[in-house]
Amino acid sequence: MKLAARLVSIGIGVLFLVQGARWLLDPTGAAQGLGMDLLAGVGASTQIGDMGAFFVSLAIMIGLAQRPGASRWLHPPILLLCAAAVMRTLAWAVGPADLAPQFIVPEVVMAALLFWAARLRSDET
């Protein structure tokens, strides 16, 4: 079961790494995949830098968690994914954004899977 937890978390990490790389290699496609238009000028720099950093950082932390006894590194990605889901929901509830369940549900599911993996592997040394 611990192997399954490790493989699930690795799979999630790879997805985030690919998404982060896509922000550098195909920023227009990466933006469109998230329902955004790519901004221009400094706005594009901010959008590419911030979004790329978000996904690459998630991947790095999930990668660090793969070492024996390091499952605590899954906690920051869990927090970031939950925070993103909450902020998306609040953007809809109190702001001008459309509800985006196509993004919120995967964020919550991936956070739950990472939580499961962290709990299952928490006794590793």
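Please refer to the structure placed before this passage.
The rules behind each value
One numbering rule holds for all chains: residues counted from 1, following each sequence as written. Where local features are concerned, this predicted model is filtered to residues with pLDDT of at least 70; where side-chain atom pairs are given and counted, the filter is 80 or more; whole-chain, interface and lining totals use all residues. Just so you know, side-chain values use all the structure's heavy atoms and leave hydrogens and water out. Patch membership requires more than 30% relative accessible area and the absence of a salt bridge. Residues of like charge join within 9 Å; the nonpolar side chains Val, Leu, Ile, Met, Phe, Trp and Tyr join within 5 Å. Using the Shrake-Rupley algorithm and a 1.4 Å probe, accessible areas are obtained, with residue cover drawn only from the displayed protein chains. A pairing counts as a salt bridge when a side-chain nitrogen of Lys or Arg comes within 4 Å of a carboxyl oxygen of Asp or Glu. Runs of E in the DSSP output that reach at least two residues are strands. Runs of H or I that reach at least four are helices, and both are numbered from the N terminus. Each helix should span, by expectation, one fewer than its residue count multiplied by 1.5 Å. Burial status follows relative accessibility: with a 1.4 Å probe on protein chains alone, a residue under 20% of its type maximum counts as buried, one over 50% as exposed, and anything between as partly exposed. What the arc covers is the set of directions going from the helix axis to the C-beta atoms. Contacts are assigned to residue pairs that have any heavy atoms within 4.5 Å of one another. Space inside and on the surface of the protein is sampled on a 1 Å grid over the protein atoms alone, with a cavity defined as a set of points where a 1.4 Å probe fits but cannot get out and a pocket as an open set with protein on both sides within 12 Å along at least 5 of 7 lines; lining residues have an atom within 4 Å of a point. Grid points are joined across faces, edges and corners, and a volume is the space filled by probe spheres set on the points. Residues are grouped as follows: Ala, Val, Leu, Ile, Met, Phe, Trp, Tyr, Cys and Pro are nonpolar; Asp, Glu, Lys and Arg are charged; all remaining types, including Gly, are polar. Only the six-membered ring of Trp is used, alongside the rings of Phe and Tyr, when aromatic pairs are assigned; centres must lie within 6.5 Å, and planes under 30 degrees apart are stacked while those over 60 apart are edge-to-face, with the rest tilted.

**Quick look at a nonpolar patch on the surface**
A grouping of Met1, Val105, Val109, Leu113 and Trp116 is seen on the molecular surface, where their side chains present a nonpolar patch of about 460 Å² in accessible area. Among the structural elements, Met1 can be located in the segment before helix H1 (2–25).

**Here we look at helix H4 (residues 75–94)**
Taking 1.5 Å of rise per residue, 20 residues should cover 28 Å, and H4 covers 28 Å from first to last C-alpha, within 8% of that figure. Three or more residues of H4 are buried, namely Pro77, Ile78, Leu81, Ala84 and Ala85. Each buried residue of H4 lies within a common arc of 130 degrees when the element is viewed along its axis, so the set occupies one face. Turned more than 90 degrees from where H4 packs its buried face, Leu79, Met87, Ala93 and Val94 sit exposed. Among the structural elements, H1, helix H3 (41–64) and helix H5 (101–120) are those in contact with the buried residues of H4.

**Examining the layout of surface pockets**
When its volume is computed, the largest pocket comes out at roughly 410 Å³. As for the largest pocket, its lining consists of 18 residues, and the residues nearest its centre are Phe16, Gln19, Leu34, Phe55 and Arg88. Mapped onto the lining of the largest pocket, the elements with two or more residues apiece are H1, H3, H4 and H5. Residue contributions to the lining of the largest pocket peak at 5 residues, all from H5. Partitioning the lining of the largest pocket into residue classes produces 12 nonpolar, 3 polar and 3 charged.

**Here's the deal with the packing of aromatic side chains**
According to the stated counting rule, one finds 2 aromatic pairs in the structure shown. Between Phe54 and Phe55, the aromatic rings sit 5.2 Å apart at their centres with planes inclined by 85 degrees, giving edge-to-face as the arrangement. Take Phe55: its relative accessible area is 9%, and that puts it in the buried class. Grouping aromatic residues by their ring pairs yields a cluster made of Phe16, Phe54 and Phe55.

**Comments concerning the pattern of salt bridges**
Close approach of charged atoms allows side chains of opposite charge to pair. Per the counting criterion, the structure on display carries 5 salt bridges. One salt bridge connects Asp123 with Lys2, and the closest N-O pair in it is separated by 2.6 Å. Of the two residues, Asp123 sits in the segment after H5 while Lys2 sits in helix H1, which places them 121 residues apart along the sequence. The class for Lys2 is partly exposed, based on a relative accessible area of 33%. Arg22 serves as the salt-bridge partner of Asp26, at 3.7 Å between the closest nitrogen and oxygen. A relative accessible area of 34% means that Asp26 is categorised as partly exposed. Judged by relative accessible area, which is 31%, Arg22 ranks as partly exposed. In this structure, a network of salt bridges that share partners links the residues Arg6, Arg121 and Glu124.

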